[in-house]
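The chain contents come next:
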Amino acid sequence: MQEVLRFCGVSSYLFHKPASYEEFQKQMEVMKSAVVLVSSKEDDSYWKDTPGHYVNIWMYQKEDDTVFLAEPGSPENNRSRIPLRYVYDALKTASSFQYLAVDEYQEDNNQWKADGIDEVWNSP
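Worth saying up front: this structure is predicted, and the values here are computed from it rather than measured. (Residues numbered from 1 in each chain as written. Predicted model: local features only at pLDDT ≥ 70, side-chain atom pairs only at ≥ 80, totals over all residues. Heavy atoms only, no water.)

(A) Fine view of the nonpolar core. Core analysis: the biggest nonpolar cluster contains 22 residues, and Phe24, Met28, Val36, Trp47, Ile57, Leu84 and Val87 have the highest contact counts within it. If you list the elements that add at least two residues to this core, you get α2 (21-30), β2 (33-38), β3 (53-61), β4 (66-70), α3 (84-90) and β6 (99-105). The element contributing the most residues to this core is α3, with four residues. The contacts of Val87, once residues within four sequence positions are left out, are Phe24, Val36, Val38, Trp47, Ile57, Val67 and Ile82. (Core = buried A, V, L, I, M, F, W, Y, C linked by side-chain atoms within 4.5 Å. Buried < 20%, exposed > 50% of the residue type's maximum accessible area, 1.4 Å probe, protein only. Helix = DSSP H or I, 4+ residues; strand = E, 2+ residues; numbered from the N terminus. Contact = heavy atoms within 4.5 Å.)

(B) Inspection of α2 at higher detail. All of the buried residues in α2 are Tyr21, Phe24, Gln25, Gln27 and Met28. Buried residues of α2 fall within an arc of 165° about the axis and therefore sit on the same side. Across from the buried face of α2, at angles greater than 90 degrees, the exposed residues are Lys26 and Val30. Structurally, α2 contributes buried residues whose contacts are with β1 (10-15), β3, α3 and β6. (Arc of directions from axis to C-beta.)

(C) Spotlight on the pattern of salt bridges. Summed over the entire model, instances satisfying the criterion amount to two salt bridges. Note that Lys62 and Glu29 form a salt bridge whose closest N and O atoms lie 3.9 Å from each other. With a gap of 33 residues between them, Lys62 in the loop between β3 and β4 and Glu29 in helix α2 connect regions that are remote in the sequence. The exposure class of Glu29 is partly exposed, given its relative accessible area of 42%. (Salt bridge = Lys/Arg side-chain N within 4 Å of Asp/Glu carboxyl O.)

(D) Examining the packing of aromatic side chains more closely. Scanning the model with the defined rule gives six aromatic pairs in all. The interplanar angle of 45° and the centroid separation of 5.4 Å between the aromatic rings of Phe24 and Tyr88 together place this pair among those described as tilted. Taken together, the residues Phe24 in helix α2 and Tyr88 in helix α3 connect sequence positions 64 residues apart. Residue classification places Phe24 among the buried positions, given a relative accessible area of 0%. Relative accessible area serves as the criterion here: at 6%, Tyr88 is assigned to the buried category. Their ring planes at 80° and their centres at 5.3 Å tell us that Phe24 and Tyr99 sit as a pair that is edge-to-face. Residue Phe24 is located in helix α2, and its partner Tyr99 is located in strand β6; the two are separated by 75 residues in the primary sequence. Using a relative accessible area of 1% as the deciding quantity, one classes Tyr99 as buried. Each member of the aromatic cluster is reached from another via a ring pair, and the members are Phe15, Tyr21, Phe24, Tyr88 and Tyr99. Above the face of the Tyr88 ring, Lys17 is positioned so that its terminal group lies 4.5 Å from the ring centre. Taking the ring centre of Tyr21 as reference, the NZ or CZ of Arg85 above it sits at 4.4 Å. (Phe/Tyr/Trp six-rings, centres within 6.5 Å; stacked < 30°, edge-to-face > 60°. Lys NZ or Arg CZ within 6 Å of the ring centre and 35° of its normal.)

Okay, here's the thing in structure tokens:
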């Protein structure tokens with residue numbers, strides 16, 4: 001996943017689950033977005049019967065400790081705000097990495113442009 005994103009002009013970093021929730025909160029404060037691997041084997045408070053599933057989280061709000069969830073496998077959960085704690089508790093620690101932080105998009109590094117693929121990116 002990280003290699004494909006790099007090819008598309010998106011820089012990213014891989015992370016392991018931090019030892020403390022507070023450290024995870026601090027990381028989320030500075031991340032634009034993260035692709036996270038969750039599992040109900042770690043915690044089934046939110047995700048049920050989920051041995052491993054990638055979701056995308058955006059826009060961490062420190063005030064209420066929530067993130068915006070993009071959940072492709074669940075229409076009822078997709079595009080909703082959830083407590084960040086749900087994500088931290090469910091991170092799949094059996095995997096080599098638990099989440100990929102999106103750093104930035106650089107159009108000049110997007111190698112698909114050479115193939116005639118064009119897109120419009122919305123930025124906040």
